[in-house]
Structure formats: C-alpha cells, structure tokens
Amino acid sequence: MKLSFTLNHQLVSVDAPASQRLSDLLHDTLQIHSIHPSCYRGECGNCAVILNGELAFSCILPVFAADKGEIITYEGLRDSEEYEDIMKGLREEKAFPCSYCLPSKVVIIKSILENSLDPSTQEIFETFSGTSCPCTNFHNLARGVKRAGFHRRSRLHE
Amino acid sequence: MEHELPFIDQLNSPEMLHVRILRSEIPRGRIESIIREGVPKKVIVAGAHEIPGANRIRILGDEMPLLSNGDIRYEGEPVLLIAAQEKELLDKAERQIRISYETDFSLLAFNPSSPEQVVDSQQLKVGNPNRNFGKESQIIEAEYRTSVETHISRAPLGAYTYLEKGRIVVHTPTHWPMHVRSAVSTVTGVEPSEVKVIQTNPSPAYGEKVLFPSILASMAALVTKLTGLPSRLLLSPYEVERLTTRKPPVEVKRTSILNNKGDLLAEKVHLRFDVGAYPFFTGELLTRALISTGSFYRIPHFSISAEAIRTSSPPMNLYRGLGVSQSMFSTEVHFSRLAEFSQLNPGDWKKQHAENRHIITGADLPTMPLSQLLDQVIEESDFYRKHSSYELIRKRRNSIKASRRSFRGIGIASGFTGNGFTEKPRGKHPWSIKAVLDRRDKLSIYCGTMTIPGAIKELWKRKAGEILSIPVESIQIAEGNTDLLPDSGPMMLAMPVSVYTTLVERCCNHIRKQRFHNPLPIEVVRTIPAPRKNVWDREKKQGTPFHAFSWGAVVTEVELDPLNLEPEIRGVWASFDCGQVYDTQYAVSIAEGSIYESLAWAMGEERVIPRYNPDYTIEERNPLQMRLPPVSINFQNTTRGIPGGINEIAESLVPAAFVTALSQAAGVYFDQIPLTARIIQSYLEEPA
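Q: Give a detailed account of the overall build of chain A, specifying residues and quantitative values.
A: Secondary structure assignment for chain A yields 6 helices and 5 strands. Reading chain A from its N terminus to its C terminus gives the helix and strand order β-β-α-β-β-β-α-α-α-α-α. On C-alpha atoms alone, chain A measures out to a radius of gyration of 15 Å, which is about the 15 Å that the 2.2 N^0.38 rule sets for 158 residues. In terms of overall dimensions, chain A has a C-alpha envelope of 45 × 35 × 25 Å along the principal axes.

Take a look at the structure:
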C-alpha cells in the first residue's frame, strides 16, 4: 500500500506491504538506525517513536498506523534544544544509557516532558515500564529526567 | 554515553545475501534425508558437506559442529544455511526444504541423568569429611536448585561478511575478535591472515558475545566463500532468547555434620550443572563453582564435587560469572540456616569465619576485607535488631496463612568473586596487551577488543599517564581490527578492568625503564602469565586462583503479604570492595543494575521494571515493579588494590540474601530460585 507521512519534519511517501511492521519500515526501508526492532512484542522499548504526539512502540504497529501521520524519532530530535536539555540532565545525574537504548530513552524522555516538565518519579517509572534494557541506574535516570525538565523549564522562561 | 561503533543490523549492501539458519525440529536423533527440490534457483543452500574447511567451532579445547553432520543433539541445532537477496525467497525455500529425521526418543535428561552424561567433573577436599564424627554429632541434609536464566540483551546478534581483495572481511559484535578470525579460518579453510575481523557495537552483553559471533561469522563467511557475495546473518529475537547463552540450572546436595554445640565439623557438597548438548568452558565453570561453594568458610573437613551433565537442552554456553552465582546461592542460604540451627545470628556466624582471612583453596589473604564489609551492612541495615525481632515474631505466630498481617524477614550473604580465568591460556598466541611510545611521546595502547567501556579506558589513561609522566591527552587506546590488534582473549570474567589494567601498567612500567636508555619508539607486549605452582596449583586446587578478588556483603529485607504471597523488597544494603574504583558513581550505577537484575531472577520476574502489557492494570503488577526497592551501596578501599569486577559479586550475593529473608518471613525453608507467589504457595502447602 502507498503511505505518506511526516518523518522527522519531512514528508515521506513509500510503498509497503500493509502487514509490515512500522519498526521494520523505519529501520530497513527508511534507514532510521536509532530504531532497534528486537522483541516484536512491544516489550523492550527499543523501537520507541513519537507518533502523532504520543509515545508508541513501532514494532507492534502496522505501517498503515502511520499513514497521514507524523513520526518523530531520535534522529529528528538530535538537533533540537530539547535534546540538549535531555542529554544535559542525564549527564548531570550520571545516568548512562548504553548506546543501544539511548535513542529510545531519549524519545521516551521527550514524551514524558511533553506531558509535564516536572514529572513525578512514579510517572517516570511507569513510562519507562515499557523498556527492558538494564544498563542505566533507574534512580539516576529518574533524576536525570527531572533535571532535564528543569533545564527545559529554565530555557522556556528565558 | 554514545558508542562510535555501528550495530550489526545497520550494515548492508544492495547485493547482500540474507542468511537464515534452518534448525532441527527434534531434540535428538539423526537426519535421514534432506530434500531440496523446488527451492528457488536464486537461493543458496549450504549444509555440512558444503563446508570447505572443518565443520567445527572450537573454543579452548571444547568443540561442536557448525552445522549438524547427521546427528541431532538438541532442538534448534543448525542443520542448513539458506541465503538469498530477497527475504521472501528465503520464506519460500524454507517451505520447500524437507528434512526427515529418525527420532531417538531416549532424551538426555538432567534429573535423573546417567553416568555417561557426565562430561567433566572436579573435586576439592580438605581433611576427611567421611570419618566417623561420633554419636553426638548431628547431620543436616539439604538440596538447593536454581533454574535456567535467559539473558535480556536485545542488541542484535549476527555477522556481516564480504570479500575485499580476496580476503574475508567480517563485521560482528564480538567480545573476542581473534577467536572469530580463527573460527572463520577453520570453517572456510583459508589462512587466518586472510580473515579480517572488525567489531560492531556489542552493547549490553551477558556472555553471548564471546562465542556466538564466532559461530554466526563462520556461517555468513561460509556463504560469502561459496558465492563471493556479501552476506548477513541476523538471529531472530526468538533465537537470541532461546538458543544463545543462558545461565545453566544447578542442583546442589549438601550434608553438614555439627557437634552438639552446633559447631560445623564437616561439610559435603555435590553440585550438578546442566550444560546442555555441547559443553563449553566446563573446566573453568567447575573450578569456579568449587571455589565459590567453599568460599571463605573455615570448616575442618570439607569435600566439594561438581559435575557437568550433558543433556538434550540447547548448549548453555558462557553466561557471565560461569556458575558462581548458583554455587554461592546454595552456600550462603545453607550456612545462614546452619547459623540458625546453632542459635547464632547469621551475621555473627559469617563474621567469625571471615576473621580467618583465608579461602577454601588455602590462600591466606591478610587484607581480606569481609569483616569490615559485614560490619558495615549489619550496621546500616540494623540487621541484629531486625533479625531478632522478626525471629521472635516468626516463632510466636501459628501460621502465615492464618494471618492477615504482612510478615518480614531479613537475610545476609557475603563472599567473593574472582577476576580473570583460573586456567591461563597456553599455546603460541598468549593473550596480551601492547603499548607503543612514539617519538612525540605519545602512547598508544593496543587491546584486542575495541569495546572496552569508557570508564576503563579512562582508568588506563590515568594510570599510564601517572607512570610515564605524560598528559592523558597524549594517550590513545588504539582502534582497528584483527590486522592491527593483539589477541587479548575474551572480554569476560572482569578481564578488562582487572587483568588488562595490570597488563597496561606492566607495559608502561617497562617503557619507563627503557625510555631514556633506548631510542623511541618503544614497543612493549605483556602477556597474561601462568602463575607459578606455589601461587596456584590448579590440579590440587591450592593457592590463590584469581588475578584479583571482588568482595561483598549484602543484606536484604523482605515483606511477604499472606494474601497474595507477593514478596516485596523493603531494602537492600550492599557493601563491596572491588579494589581501586575510578568512578564511584559509575560503579554504584553498575552494582545497582546488577542487584535489580538478580532480584528479578530470584523473584521469577523477567525484569524488575514492569513490562508493558495492555492486559494488566497497574494495580495488578508486581509491587516491586511499581516501586523500586531502596538500595544502599557502599564501596570500600576505593583507592587501593587491583581494580575488580562489580557485576558478578553483586548478582551473586543478592539472591541468597533474598531467599534467606523470605524464609524467615514465611517461616519455611526455601531452597530454590526463582520464588514466585505460586512456588511460595506450594512450599506453604507442604505438610510440616
């Protein structure tokens, strides 16, 4: 089927089987290498994207879910001020995601901060409940997210 | 945070062949026939007969066939490789190829097993535990079990190969590039120098990146050799989870003999490891198991035997720690139980033994820090008070099932893990590290693996800078491939932080001596030495077996809800001495991750952080998942000694402390891992 959607602020048109998973389309066809489709059960979180403003795990979505929609991946965030704030927050709180899960963690943090710039620890843990990589100290990660929210707030008030 | 290396699934080329493994559908038997009729012409099919070199993967003396040579020893054993440029063709070929088997229904079980299934065994004996200890002695028997544990690394596992000026180039996320080179050379029949291995990003690993990249690279390289085309083989999530590395199940039988005062006179232990269809590293696994089982306890008569049992399960391979956590689990739970039997507080009981400052192999360790570590966790957790009061409550109540109040328990565990192998490699290519100081006073350190964590690289630079009095900016860790880098052995058992750091220091010390006597550049290679017999006698299991030790003591407090039998961790207090720690915060981060993982293993949960499952409401999830238990971690002596690994010591002690605490809370002796609510229920239903 023919699909068109906005991927990282650019219009994309592709021809893909309707049954294909969105994660495979992004990774294999559109060469979005921050997406790591690995569990295909929505469990590991390594295929996290922001679809139409909401956090989504692209391995459990068919490609047509993206039609006429807007997808933001890690690549689309890297040049943004939000990305700088997130990375600064993580660094300051010594949260060290491994290179495999860093992109998905950044996308998830972005979605948390979209909902609240001062999220609670419980909110953060609940959102990260959809990830499985054990590389990062959870408490440091939660503090890093809060710190990122602080930097974001400061920037917005400048 | 970010690694420069690409992941294996990012590498591809337009003409690349996708390689898939066709696996056996039966657990044991023989292949009767393989019918390839109807397979599309564009699909390449390769079996054992198409292998130009030797059909084997060998690692330190153990080997298995790359593709089945007719015998099937486990379900999922690779039989054929199929390759095509389009994945749809592979699906079609998979449907067309028919493999017939002659099934052998006599599966090799773990329990019971026959003597023929024992592929390796070792024994360690102190005194004579079989002597007659008199009528006054008391005998306590117990059995402990741990189940298989699959790793949770989701990073892609595979290999990408192509020809470059006649040479085979391999990209794979290996932790031992030189072994990949050797394996590819063996299978394809070309000289090792005709194979170049480039590492891709391995990311989180549990041991599966030591052997599997060699297997997958050999398979992809075989297709490249047969076709001349680039080939990529990626394992599916199912294959990674079920058919790569797993922690082997263990059964432990223990017999303790105590005198009428409760002093432990003798201890007999027998361990059995299910190593699956093809055993690897069993010598190292069993030696480490013996040492971890004996641990630091001072027992006049002690006998430990360990066996590796071949079964019809897929090979367990090399899970990190190599059997240490399972062995330590039985020892720590059992000795806490004996302390209780002797009317002693388990903390005091362990401290008494720790004051001896030696381990089961007879090594005297005057700087052994266990007493201080135990003191610290006992004080921080308020162990004595809590243990006494929970014990009092346990003895006063009738039955946990008749109660509506939650019950609490607290457990303690202590011990050590070893860094580096107990058996040093032999042969003409010893594992080594190279350092070169060039004419501009710039130092390059060459290590066989490029995937050394950043914190360890910083540690090397700082140490080298101090020794040679040069700024760290002048020091680089060389990058490259097997054409440039030495064979430093597998990156496991804390080799990078412990053994390699020592080799880097030795290289730099030698350069410092040579520096003003010889012209630059100066190149120094230092290899891992085999210890002298008076240091470590592996045959007799006497002496100091490890390059360095990592020590630890852990207390865990548990609350058990009598209604749903879900244990909740109220707190974990841990104190470690892993020698010099370069970045304490980073070390705490690693230790905490290991503690959560080991709790997840002990509680039968896949993860501590909950899985997203739309069918569950938040309230239905495990309490631990929703509320991370508070963990307090301390590192002692962070500025002295050889740096040691953290992961293994943290994950080895926590399960024992958890099970001991849960036993106190429930008033039932638990003797297995994992412990889910359902298993706890079955223990409570057993007649007393």
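Still more to cover.
Q: Could you give an account of the overall build of chain B, naming the residues involved and the relevant values?
A: In terms of helices and strands, chain B carries 15 helices and 30 strands. Scaling as 2.2 N^0.38, a compact globule of 688 residues should have a C-alpha radius of gyration of about 26 Å, and chain B matches this with 26 Å. Counting all 688 residues of chain B, 52% fall into the buried class. Taking as baseline every contact in chain B between residues at least 6 positions apart, the subset at least 24 positions apart corresponds to 81%.

Q: So what's going on with the domain arrangement of chain B? Which residues, and what values?
A: Residues and elements named next belong to chain B. Taken domain by domain, chain B holds domain 1 (345-421 + 546-685) and domain 2 (432-527). Each of domain 1 and domain 2 has a C-alpha centre, and the two are 37 Å apart. Between domain 1 and domain 2, the contact holds 13 residues from the first and 11 residues from the second. Looking at the side of domain 1 that touches domain 2, its residues break down into 6 nonpolar, 5 polar and 2 charged.

Q: Please set out the interface of chain B and chain A residue by residue, giving values where relevant.
A: In this assembly, 25 residues from chain B lie in contact with 27 residues from chain A. The element best represented in the side of chain B that touches chain A is helix H12 (residues 584-602) of chain B, accounting for 7 residues. Looking at side-chain class alone, the side of chain B that touches chain A contains 12 nonpolar, 7 polar and 6 charged residues.

Q: Quick one: what's the story with the environment of B:Pro213, residue by residue and with numbers?
A: Residues and elements named next belong to chain B. Tracing the chain through its elements places Pro 213 in helix H3 (residues 208-227). Classification of Pro 213 by C-beta neighbours within 10 Å gives buried; the count is 29. Separated by 82 residues in sequence, Pro 213 and Arg 131 place their C-alpha atoms 50 Å apart.

Q: Lay out the packing of helix H3 (residues 81-92) of chain A against helix H6 (residues 138-157) of chain A in plain terms, naming residues and giving numbers.
A: All names here are of chain A. Here H3 crosses H6 at 135°, and the two axes come no closer than 7 Å. Between H3 and H6, the angle falls in the class oblique. In this structure, the crossing between H3 and H6 has a hand that is right-handed. Contacts between H3 and H6 involve Glu 81, Glu 82, Asp 85, Ile 86, Lys 88, Gly 89, Leu 90 and Glu 92 from the former and Gly 144, Val 145, Arg 147, Ala 148, His 151, Arg 152 and Arg 155 from the latter. Its residues placed into classes, the contact of H3 with H6 shows 4 nonpolar, 3 polar and 8 charged.

Q: Hey, could you go over the confidence of the model for chain B for me, with residue numbers and the actual values?
A: Residue and element names in this part refer to chain B. When pLDDT is averaged across chain B, the result is 89; 94% of the residues are at 70 or more. Across residues 606-626 the pLDDT falls below 50, and counting only partners more than four positions away or on other chains, this stretch makes 36 contacts in the model. This complex was scored by the predictor with a pTM of 0.90 and an ipTM of 0.84.

Q: Kindly report on the environment of B:Met495, identifying the contributing residues and their values.
A: All names here are of chain B. Examined against the element boundaries, Met 495 turns out to sit in helix H11 (residues 495-514). Owing to 23 C-beta atoms within 10 Å, Met 495 belongs among the buried residues under this scheme. Setting aside its immediate chain neighbours within four residues, Met 495 contacts Gly 420, Gly 489 and Tyr 500.

Q: Account for the sheet that holds strand S7 (residues 78-84) of chain B, with residues named and values stated.
A: Residue and element names in this part refer to chain B. With mixed pairing, the 7 strands of this open sheet are ordered in space as S3-S7-S1-S15-S12-S13-S14. At either margin of the open sheet sits one strand with a lone partner, and together these are strand S3 (44-46) and strand S14 (195-199). Strand-to-strand twist in this sheet, taken as the mean axis angle between neighbours without regard to direction, amounts to 25°. Bridging between strand S1 (residues 17-23) and S7 involves 6 bridges; their strand directions are antiparallel. Each residue of the ladder has a partner; that of Arg 23, found in S7, is Pro 78. Its contacts with the sheet put helix H1 (residues 87-96) on S1 and S7, and the angle it makes with S7 is roughly 140°.

Q: Talk me through the sheet that holds strand S5 (residues 70-72) of chain A; I want residue IDs and the actual numbers.
A: Residue and element names in this part refer to chain A. Taken in spatial order, the 5 strands of this open sheet run S2-S1-S5-S3-S4, and their pairing is mixed. Each having just a single partner strand, strand S2 (10-15) and strand S4 (54-57) make up the two edges of the open sheet. Adjacent strand axes in the sheet meet at a mean angle of 40° when their direction is disregarded. Here strand S1 (residues 2-7) runs beside S2; their pairing, made up of 6 bridges, is antiparallel. Residue pairing for S2: Ser 4 is matched across the bridge by Ser 13. Sitting on the sheet, helix H4 (residues 102-115) touches strand S3 (48-51) and S4, and the angle it makes with S3 is about 35°.

Q: Give a description of the domain arrangement of chain A that names residues and reports values.
A: Residue and element names in this part refer to chain A. What the domain assignment reports for chain A is domain 1 (2-76) and domain 2 (80-157). Each of domain 1 and domain 2 was reduced to a C-alpha centroid, and the two centroids are 21 Å apart. Between domain 1 and domain 2, the contact holds 13 residues from the first and 12 residues from the second. Breaking the side of domain 1 that touches domain 2 down by element, the ones donating at least two residues are S3 and S4. Of all the elements, S3 adds the most residues to the side of domain 1 that touches domain 2, at 3 residues. For the side of domain 1 that touches domain 2, a count of residues per class yields 7 nonpolar, 5 polar and 1 charged.

Q: Can you explain the pairing of strand S27 (residues 548-560) of chain B? Please cite residues and give values.
A: All names here are of chain B. Of all 13 residues in S27, 12 are buried, a share of seventy percent or more. Note that strand S20 (residues 407-419) and S27 share 13 bridges and pair antiparallel. Residue pairing across strands places Thr 417 opposite Ser 550, the latter belonging to S27. Here 10 bridges tie S27 to strand S28 (residues 567-577), and the two strands are oriented antiparallel to one another. The residue bridging Glu 557 from the neighbouring strand is Gly 571, located in S28.

Q: If you had to explain helix H8 (residues 370-381) of chain B to someone new, which residues and values would you point to?
A: Residues and elements named next belong to chain B. For H8, built from 12 residues, the straight-helix expectation of 16 Å at 1.5 Å per residue is met to within 8% by its first-to-last C-alpha distance of 16 Å. Taken together, the buried positions of H8 are Leu 370, Leu 373, Leu 374, Gln 376, Val 377, Ile 378 and Ser 381. Buried residues along H8 sit against helix H7 (346-354), helix H9 (383-396), S20, S27, S28 and strand S29 (631-635). A positive backbone phi angle near 60° is found at Asp 382, which sits one or two residues after H8.

Q: Give me the lowdown on unusual backbone geometry, citing residues and values where you can.
A: Residues and elements named next belong to chain B. The residue after Leu 520, namely Pro 521, is reached through a cis peptide bond having omega 0°. Along the chain, Pro 521 turns up in the loop between H11 and strand S24 (522-527). Residue Pro 674 follows Ile 673 across a cis peptide bond; omega there is 5°. You can see Pro 674 is positioned in the loop between strand S30 (672-673) and helix H15 (677-685). Notably, Lys 165 is not glycine yet its phi reads approximately 50°, a positive angle. Relative to the helices and strands, Lys 165 resides in the loop between strand S12 (158-164) and strand S13 (167-172).

Q: Residue-level account of the environment of B:Gly415, with values.
A: Residues and elements named next belong to chain B. Within the secondary structure layout, Gly 415 lies in strand S20. Taking the C-alpha atoms as reference, Gly 415 lies 9.9 Å from Phe 549; in sequence the two are 134 residues apart. Excluding residues within four positions of it along the chain, Gly 415 makes contact with Ser 295, Phe 296, Met 328, Glu 332, Gly 552, Ser 652 and Leu 653.

Q: Which residues make up H3(B), and what are the values?
A: Residue and element names in this part refer to chain B. The terminal C-alpha atoms of H3, which comprises 20 residues, lie 28 Å apart, in line with the 28 Å expected from a rise of 1.5 Å per residue. Burial of H3 is extensive: 18 of the 20 residues sit out of reach of the surface. Among the residues trailing H3, Gly 228 stands out with phi positive, at a value near 80°.

Q: Go over the packing of helix H5 (residues 282-294) of chain B against helix H6 (residues 324-341) of chain B with me, naming the residues and quoting the values.
A: Between two packed helices, both the angle of their axes relative to each other and the distance between the axes serve to describe the pair. Residue and element names in this part refer to chain B. Between H5 and H6, the shortest axis-to-axis distance is 8 Å and the interhelical angle comes to 25°. By the angle between their axes, H5 is roughly parallel relative to H6. Read as a crossing pair, H5 and H6 show a hand that is right-handed. Contact with H5, carried on its side by Arg 288, Ala 289, Ser 292 and Thr 293, involves Val 324, Ser 327, Met 328, Ser 330 and Thr 331 of H6 and no other residues of that element. Here the contact of H5 with H6 is composed, by residue class, of 3 nonpolar, 5 polar and 1 charged.

What counts as what
- Residues numbered from 1 in each chain as written.
- Chains lettered and ligands numbered in written order.
- Predicted model: local features only at pLDDT ≥ 70, side-chain atom pairs only at ≥ 80, totals over all residues.
- Helix = DSSP H or I, 4+ residues; strand = E, 2+ residues; numbered from the N terminus.
- Rg over C-alpha atoms; globule rule 2.2 N^0.38 Å.
- Buried ≥ 20, exposed ≤ 12 C-beta atoms within 10 Å, placed from the backbone.
- Contact = placed C-beta atoms within 7 Å.
- Domains from an automatic or database assignment.
- Nonpolar A, V, L, I, M, F, W, Y, C, P; charged D, E, K, R; others polar.
- Axes fitted to C-alpha atoms, helices over the stretch in contact; angles between N-to-C directions.
- Parallel < 35°, antiparallel > 145°, perpendicular 65-115°, else oblique.
- Left-handed = near helix turned anticlockwise from the far one by under 90°.
- pLDDT = per-residue confidence, 0-100.
- Pairing = 2+ DSSP bridges.
- Expected span 1.5 Å × (residues − 1).

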